[in-house]
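# A closer look at the structure
In case you want the letters, here they are:
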Amino acid sequence: MSGGRVATETDIDSVASSRRHDENAPYVHKVGMPPKQSLFQEFTYMFKETFFHDDPLRPFKDQPRSQKLLLGIQAVFPILDWGRRYKLHLLKGDLIAGLTIASLCIPQDIGYAKLANLDPQFGLYSSFVPPLIYAIMGSSRDIAIGPVAVVSLLLGSMVQNEIDPKHKTEYQRLMFTATFFAGVTQFLLGFFRLGFLIDFLSHAAVVGFMAGAAITISLQQLKGLLGVKKFTKKTDIVSVMRSVWTNVHHGVNHIERGINPSSVHKIHFTGSYVAIGFRIGAIAGMIGLTEAVAIGRTFAAMKDYHLDGNKEMVALGSMNIIGSMTSCYVATGSFSRSAVNYMAGCNTAVSNIVMSIVVLLTLELITPLFKYTPNAILASIIISAVVGLFDYEAMILIWKIDKFDFVACMGAFFGVVFASVEIGLLIAVAISFAKILLQVTRPRTAVLGKIPRTTVYRNIQQYPEATKVPGVLIVRVDSAIYFSNSNYIRERILRLLADEEEEQKANNRPRIQYLIVEMSPVTDIDTSGIHALEDLYKNLQKRDVQLVLANPGQIVLDKFHTSDFANTVGDDKIFLTVADAVMTLAPKMEP
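All of these numbers come straight from a predicted model, not from anything done at the bench.

The rules behind the values
- Residues numbered from 1 in each chain as written.
- Predicted model: local features only at pLDDT ≥ 70, side-chain atom pairs only at ≥ 80, totals over all residues.
- Heavy atoms only, no water.
- Helix = DSSP H or I, 4+ residues; strand = E, 2+ residues; numbered from the N terminus.
- Areas by Shrake-Rupley, 256 points an atom, 1.4 Å probe, with all protein chains shown as cover.
- Lys, Arg positive; Asp, Glu negative; His and termini not counted.
- Charge placed at Lys NZ, Arg CZ, Asp CG, Glu CD.
- Buried < 20%, exposed > 50% of the residue type's maximum accessible area, 1.4 Å probe, protein only.
- Polar contact = N/O pair within 3.5 Å; in protein donor to acceptor, adjacent residues only side chain to side chain.
- Contact = heavy atoms within 4.5 Å.
- Axes fitted to C-alpha atoms, helices over the stretch in contact; angles between N-to-C directions.
- Parallel < 35°, antiparallel > 145°, perpendicular 65-115°, else oblique.
- Left-handed = near helix turned anticlockwise from the far one by under 90°.
- Nonpolar A, V, L, I, M, F, W, Y, C, P; charged D, E, K, R; others polar.
- Pairing = 2+ DSSP bridges.
- Right-handed = clockwise from strand over helix to strand, strands pointing away.
- Salt bridge = Lys/Arg side-chain N within 4 Å of Asp/Glu carboxyl O.

Here we take up the overall build of the protein. Of regular secondary structure, the protein possesses 25 helices and 10 strands. Dimensions along the principal axes, computed over C-alpha positions, put the protein at roughly 95 × 70 × 50 Å. Looking at the protein as shown, the accessible area adds up to about 28,600 Å², and 61% of this sits on carbon and sulfur atoms. One finds the centroid of the 56 positive side-chain charges in the protein at a distance of 7 Å from the centroid of its 51 negative side-chain charges.

This is the structure we're talking about:
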């Protein structure tokens, strides 16, 4: 085995002599049998760590019933908490921030509605009702709510695949249905504390997806910039460029005046479009959640306050459910708008309320003026808003850190640009899952050696000065051992042993007598893993090599005793540390 210095004869004598069992021999602590946990205790622990790892019920502890009721209501409606403590001096920052993001959101919303193939007023509707609901139920002080480019494009491309936008009534019905189910998906994920599911869309995949969407959205705006009358409804780059070059007129549409009309009667609750609306809504809802939670956590970290992701999902879900009933389409946290909100000095969610009031006044008083806004200006506003989504610096960093992450990033990017938003999203998720499967099924292993002048054993590839112990092979498994990787781990250890034995023969060194498996990183093991270790033990017995285990965790050790594998190996072959194992076994090794 390459790497790592081999101990000299003097080192061997020093090790052996220091291990003799005399009155000066160091103390070796025995690995204790862990206390047996009941099935209920194990289930309770797993349930808590899976769904309540952040201990959200801690504030309720030792509180009187009336206080618990108040805390429960405040948990659902945080405005009742921070609203009681709101001071007049905070209003200045919130007012300025609200007016600033309103001036940004009004032209953006009109443009984003066009991305979703909706009339302009629907974009404004979505910046009126949802921000009000979020201000009541949300816990972020900085996030600005409204339609966003990526979700608008995603909804527009997926809904138009089912219904031509020319059929406005049916198109709008499916859009509201998708928005309703997007809200239901978000609400249920938060209510049942399943927020960890959105983490399966990796950061690299999101970077690639957003960059691809930025390119696609920018190309879509060529219609407005160049005055093209007939434009493709496809989103891939080839179709868009063909449409531009074969058509190379300003047209402005009337924006309906007044506040959001009710759309409850337009939502499909029965029929074939329910399933379609659920599919589209679930995807859009997940993308919206990913963006909003990431934005919220970013600004919460900058201002040093805690943001409960699951509460945010409940708030976002409630806002979209209500929004779907008031002629809104999917709204979420906008990064560009939130950044402006933060820079303008917002203090609380009151900035969202101010923005909503301005949008309300716009809908009631000045929408006719937007009739004279050129499409080229709207297109320019959208392009300037999405250009920041192309984060090339993040791509370069991803390439430097993890090449597999970069593959996921590029897969999502090219999928969106050359196929469609859905295909890009599918590729991103598929590659993210492939990476997880690869890491689970092919965990890392390392051969360990002793760091000079210490009792510490580390990877000989990382520390070339580490010395191998003659007659002993020390292997560390850097993963839990499950059915998906147990055979690989067994075969990998045997390959390392075979490589070491070949090197020993070639250099005329003592044969391997002990194989020590360092199990500190092995957090869990299942029956397949135990069977694999049993096979490894039998294989080593045929080679006259003793299997030794070092530092198995409580869960792993408990399963070893339950399966009787601990007795098979022998309690005298299970040690607290690698150093204890080497110290104990050195005097027993044959010369």
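On we go.
With that settled, the discussion passes to the side chain of D524. Along the chain, the position of D524 falls in the loop between strand 8 (514-518) and helix 22 (527-542). According to the relative accessible area criterion, D524 is buried, its value standing at 19%. Polar contacts involving the side chain of D524 include one to the side chain of Y482, which spans 3.5 Å. Among all residues touching D524, those that are not within four sequence positions of it are A480, I481, Y482, I555, V556 and K559.

When two helices pack together, their arrangement is given by the angle between the helix axes and the distance between those axes. The interhelical angle for the contact between helix 9 (residues 168-191) and helix 14 (residues 309-324), taken along N-to-C directions, is 160 degrees, at an axis separation of 7 Å. One element, helix 9, and the other, helix 14, form an angle in the roughly antiparallel class. Two packed elements cross with a definite hand, and for helix 9 against helix 14 that hand is left-handed. When helix 9 is examined against helix 14, the residues F176, T179, F180, G183, V184, Q186, F187, L189, G190 and F191 are found in contact with a partner set consisting of N310, M313, V314, L316, G317, S318, N320, I321 and S324. Here the contact of helix 9 with helix 14 is composed, by residue class, of 10 nonpolar, nine polar and no charged.

The next thing to look at is the pairing of strand 9 (residues 546-550). Of all five residues in strand 9, four are buried, a share of seventy percent or more. The pairing of strand 8 with strand 9 spans five bridges and is classified as parallel. Residue V517 lies in a different strand from strand 9, and its bridge partner there is L549. On the question of chirality, the crossover connecting strand 8 to the parallel strand 9 by way of helix 22 is right-handed. When strand 9 meets strand 10 (residues 574-575), the two strands line up parallel, connected through two bridges. Of the residues in strand 10, the one forming a bridge with L549 is I574.

Once that is clear, we can look at the environment of D558. Here D558 is to be found in helix 23 (residues 554-562). Expressed as a C-alpha distance, the spacing of D558 and K542, which sit 16 residues apart in the sequence, is 27 Å.

A word on the side chain of D94. Following the sequence through the fold, D94 ends up in helix 5 (residues 89-115). Buried charge D94 goes without a salt bridge, the closest partner of opposite sign being K303 at 7.2 Å. Within the structure, the side chain of D94 is placed 2.6 Å from the backbone nitrogen of N347, a separation counted as a polar contact. Among all residues touching D94, those that are not within four sequence positions of it are Y86, G345, C346, N347, T348, V350, S351 and V354.

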